[in-house]
Each structure stands twice: as C-alpha cells, then as structure tokens.
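Summary of structural features
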Amino acid sequence: MDTSKELLFFFSALGVFNGIILSIYFFFFTKKKYLTNYFLGALLFALSIRIGKSVFVYFHPTLPRLYLQIGLTACFFIGPCLYYFLKSAVAQINIMPKSWKGTLLFWAILIVSVGIVYPYEYYPLLWNQIFIWIIYFQWFAYIVFSGFAIREILAKIVNRKHKTTPAEMWFGTIFLGNFLLFFFYFLAIVRGPAATYISGAIVFSFILYLIISILLHRKKTDDLFLLNGPKTSGKKIDSVEAKILSAKLEKIMIEKEWYKNSNLSLLDLSQELNISSHQLSQFLNSNLNKNFTSFVNEFRINEACKIITSNDKLTLESIGYDVGFNSKSTFFAAFKKHTGTTPLNYQLQALQA
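Right, let's walk through the structure included here.

Thresholds applied
- Residues numbered from 1 in each chain as written.
- Predicted model: local features only at pLDDT ≥ 70, side-chain atom pairs only at ≥ 80, totals over all residues.
- Heavy atoms only, no water.
- Helix = DSSP H or I, 4+ residues; strand = E, 2+ residues; numbered from the N terminus.
- Buried < 20%, exposed > 50% of the residue type's maximum accessible area, 1.4 Å probe, protein only.
- Salt bridge = Lys/Arg side-chain N within 4 Å of Asp/Glu carboxyl O.
- Axes fitted to C-alpha atoms, helices over the stretch in contact; angles between N-to-C directions.
- Parallel < 35°, antiparallel > 145°, perpendicular 65-115°, else oblique.
- Contact = heavy atoms within 4.5 Å.
- Nonpolar A, V, L, I, M, F, W, Y, C, P; charged D, E, K, R; others polar.
- Patch = residues over 30% accessible without salt bridge, like charges linked within 9 Å, V, L, I, M, F, W, Y side chains within 5 Å.
- Areas by Shrake-Rupley, 256 points an atom, 1.4 Å probe, with all protein chains shown as cover.
- Phe/Tyr/Trp six-rings, centres within 6.5 Å; stacked < 30°, edge-to-face > 60°.
- Lys NZ or Arg CZ within 6 Å of the ring centre and 35° of its normal.
- Expected span 1.5 Å × (residues − 1).
- Polar contact = N/O pair within 3.5 Å; in protein donor to acceptor, adjacent residues only side chain to side chain.
- Core = buried A, V, L, I, M, F, W, Y, C linked by side-chain atoms within 4.5 Å.
- Left-handed = near helix turned anticlockwise from the far one by under 90°.
- Bend = angle between axes of the 7 residues up to and from the residue.

1. Some points on the overall build of the protein
Per the secondary structure count, the protein includes 16 helices and 0 strands. Burial status across the protein gives 45% buried among its 353 residues.

What follows is the structure, encoded as structure tokens:
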C-alpha cells in the first residue's frame, strides 16, 4: 500500500478499535447504569464489527468469506439497537421490556439460523443478491422508527425556535450519524456516483471521534443519557393548568388502570394526555416532586396493598405481575421503598389485624 492508503487504513482501523473500546466503556464502566448506556454500547459494538469488516475486506479482499458473513450479521443488529437506545431515552425506560427481549432474540435466532443453513462461503450470490437487501431494508426501517421516536427532538433541532438541551443534541447527533452511515453504505451497494465502500468507515471514524471529544470535553456526562432528568426545569406549571392535568392523570391511572401496563412509558402517557413528554416530565418533577417511575409505582403499590389485604390466596409474586411490575425483585424493591416494609411483612400484618 502507498502512504495515502496506509493512512486511510490506519484511520479507519483505529476508529473500529476505539469503537469497541467505547462500547465496553458504556457496558461496564459508566457510573450510572442507564438502559440507554447498554444499548449505546451494543450499537457501537455492532457498528464496529460491521465497519471492521468493511475496512479489512477493502484493503485485503482475499480474506475468508466468513468475515463478510460476520459483518452482515452484525449489521442486522444496528437498527434495533439504535431504535431501543433512542426509545429508552425518550420514554424513560430503564428496565428492558419483555417485548424488546423477544424481538432481539427473534432477530438473533433468524440471522444465525440463516447463516448456518446458508453460509456465505457456499452461497455468496444468495447473500449478495437477496440477504443483503433484506438486511439493509431492516436497518432502514429501524432508522424510520427511530426518527419517529425522536420526532420532537428533530423538530427542535431543525426549527431552532426552541433551545435544545445537550441531551437532545447528543441523541440527535447519534441518530444523524447512523443515518449517514446507512446512506453511504447504501450508495456503495447501488454503486452511486462518487461512492466507495470505505466511505462508511471514514464517516464512522469521524462520528466516533466527535462522540469521544464530547465525552472528554464535558465534566458531567450523566445528563447526556437522560432526556427528561429529575431537573428538567425548575419552573412549575401554572396552578390552574396543573389541577386540570392532575385530574386527567388521576382519571387515566385509576379509572383506566394504565399502571397495570408493565410497558407503560412516559411517551405513552403524554400522548394520551395530548401533551409533550417534556411537559409531562416537567409537571411530575416540578409540581409533584416525583419522577415518572415513582409516580406510576405509587399506583401499583396502592393497588397491591388492596389486593394483599383482601385476598390471601394469591402469591405475592402474582400480585406484583397483576399490578404492572415486570419482575418479582422490582416489585419487592418498589414496595419497600413506598411502604417502608416488605410485601411479606405487610401481608402478615394484614392477617393479624
């Protein structure tokens, strides 16, 4: 290789290496363990494997075809990880819903099974003419879903009428970076003008170094992973508006029993109220001094207490699931936090009364 190609290889390969290191950081070494951290780590890891395949195959086309299969397999997880990364941030989800686990497991079983039955080494035409289009269609579909999930943020960034927060710019940048990666790879596949296969790796390296520079520049990074943190705004909503909103919330949570939905998110509730997730988060934090999880869990615990005192035939675990908790441990922890005692002690006290 000449000097220019050596520099290009070094820059691209270093981006891949740093991407893997950064993904490990988000998985294991961030101080606060948000679900967004884990999905960002998974997203960077999938991207790094995909980009790594492009780099090494571009400069060493004689590599075994297994590397091509590994790269395309990793590509199958880029879209889902991007969507769940953004969705968990917007909806303030910190415990992965069962539906997400099921979807990821489905994609994993599908792509691994296809790879075993139709390995790239023996079916290169099948992969290059059919499978690659399915993979890129899935990636594009998840980019569309992701854009819809953060449509309010994207509108703020584009319109510039409202000041964007660092977190909003952070999530918007990561979404845009993924869109550009897809765009350049797609151009290379359809042999677009001035498009080369290595252009995706260059874009990835640039975006990765931008992410690293942001993390190194900021002394505080926790706010980059919370779109609606506990200090979204110190300003309370007008008392009249707050009363109306409080009444609507009470009706939805009690009469419609929305708290029993284990996958209930801030976005779901805000859409039912016809307000933005930002406004609802501001109301909960500033007017009620609660975050979304605590607010919903209060209704769940109150209902659990009613069931425990009126029915001693149900198990505590089944009661937890009935009122909307995803697991026994989450139910027990929330119960003790809100009542000061464990569900078992509460049950024993109720039986003795």
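2. Focus: the pattern of salt bridges
What the rule picks out here adds up to 4 salt bridges. Ionic pairing is found between E272 and K256, a salt bridge with its closest N-O pair at 3.0 Å. Separated by 16 residues along the polypeptide, E272 in helix α11 (residues 266-273) and K256 in the loop between α10 (239-255) and α11 bring together distant segments of the chain. Under the relative-accessibility criterion, K256 is labelled partly exposed at 48%.

3. Let's talk about the packing of helix α7 (residues 151-159) against helix α8 (residues 166-189)
Taken N-terminus to C-terminus, the directions of α7 and α8 make an angle of 95°; their axes are 10 Å apart at the nearest point. As summarised for this structure, α7 and α8 are arranged roughly perpendicular, according to the angle between their axes. Across the interface between the two elements, I153, L154, K156 and I157 from α7 touch E168, M169, G172 and F175 from α8. Counted by class, the contact of α7 with α8 contains 5 nonpolar, 1 polar and 2 charged residues.

4. Here's the deal with unusual backbone geometry
Phi at E257 takes a positive value of approximately 55°, unusual for a residue other than glycine. By the element assignment, E257 lies in the loop between α10 and α11. At N289, a position not held by glycine, the phi torsion is positive, near 55°. On the secondary structure map, N289 appears in the loop between α12 (277-287) and α13 (292-310).

5. With respect to a nonpolar patch on the surface
A cluster of nonpolar side chains, contributed by F17, I21, I24, Y25, F28 and F29, occupies part of the molecular surface with about 630 Å² of accessible area. Considering the arrangement of structural elements, one finds Y25 in helix α1 (residues 3-28).

6. A short note on the packing of aromatic side chains
With the rule as written, the count across this model stands at 32 aromatic pairs. Here the aromatic cluster, defined as three or more aromatic residues joined through ring pairs, consists of F39, F76, Y83, Y84, W100, F106, W107, Y142 and F145. Stacked on the ring of Y185, the Lys or Arg R50 has its end atom at 4.3 Å from the ring centre. The ring of F325 has R300 lying over it, and the distance from NZ or CZ to the ring centre is 5.5 Å.

7. What to know about α13
With 19 residues, α13 ought to run about 27 Å at 1.5 Å a step, and its terminal C-alpha atoms sit 28 Å apart, in line with that. Taking the backbone nitrogen of T293 as reference, a side-chain oxygen 3.3 Å away marks N291 as the first, capping residue of α13.

8. Digging into the nonpolar core
If you look at soluble globular proteins, the nonpolar side chains tend to sit buried side by side. Core analysis: the largest hydrophobic core is formed by 56 residues, its most contacted members being L40, L43, F85, I135, Y136 and W139. Residue assignment for this core shows that the elements contributing at least two residues are α1, α2 (35-59), α3 (66-75), α4 (78-90), α5 (98-117), α6 (124-149) and α8. Counting residues per element, this core draws most heavily on α2, which supplies 12 residues. Leaving out residues up to four positions away in the same chain, F85 has contacts with T36, F39, L40, W170, F171 and I174.

9. Re the packing of α2 against α3
Contact pair α2 / α3: the axes reach a minimum separation of 8 Å and the direction vectors enclose 150°. With respect to α3, the element α2 is oriented roughly antiparallel. For the pair α2 and α3, the sense of crossing is left-handed. The segment α2 lies against α3, with A46, I49, R50, K53 and V57 engaging Y67, L68, I70, G71, L72, A74 and C75. The residue makeup of the contact of α2 with α3, split by class, is 9 nonpolar, 1 polar and 2 charged.

10. Looking at the environment of F182
Following the sequence through the fold, F182 ends up in helix α8. Using a relative accessible area of 8% as the deciding quantity, one classes F182 as buried. It is 8.9 Å that separates the C-alpha atoms of F182 and I143, two residues lying 39 residues apart in sequence. With residues near it in sequence (within four places) discarded, F182 still touches Y136, W139, F140 and I143.

11. Digging into α6
For α6, with 26 residues, the first-to-last C-alpha span of 36 Å sits near the 38 Å given by 1.5 Å per residue. Its maximal kink placed at F131, α6 deviates by approximately 40°.

12. Overview of the environment of Q138
When you line up the elements, Q138 lands in helix α6. What makes Q138 buried here is its relative accessible area of 6%. In the structure, Q138 is positioned 59 residues away from G79 in sequence and 7.1 Å away in space, judged by C-alpha atoms. Contact partners of Q138, with chain neighbours within four places excluded, come to C75, F76, P80 and W107. In this structure the side chain of Q138 is engaged in a polar contact, spanning 3.0 Å, whose partner is the backbone oxygen of F76.

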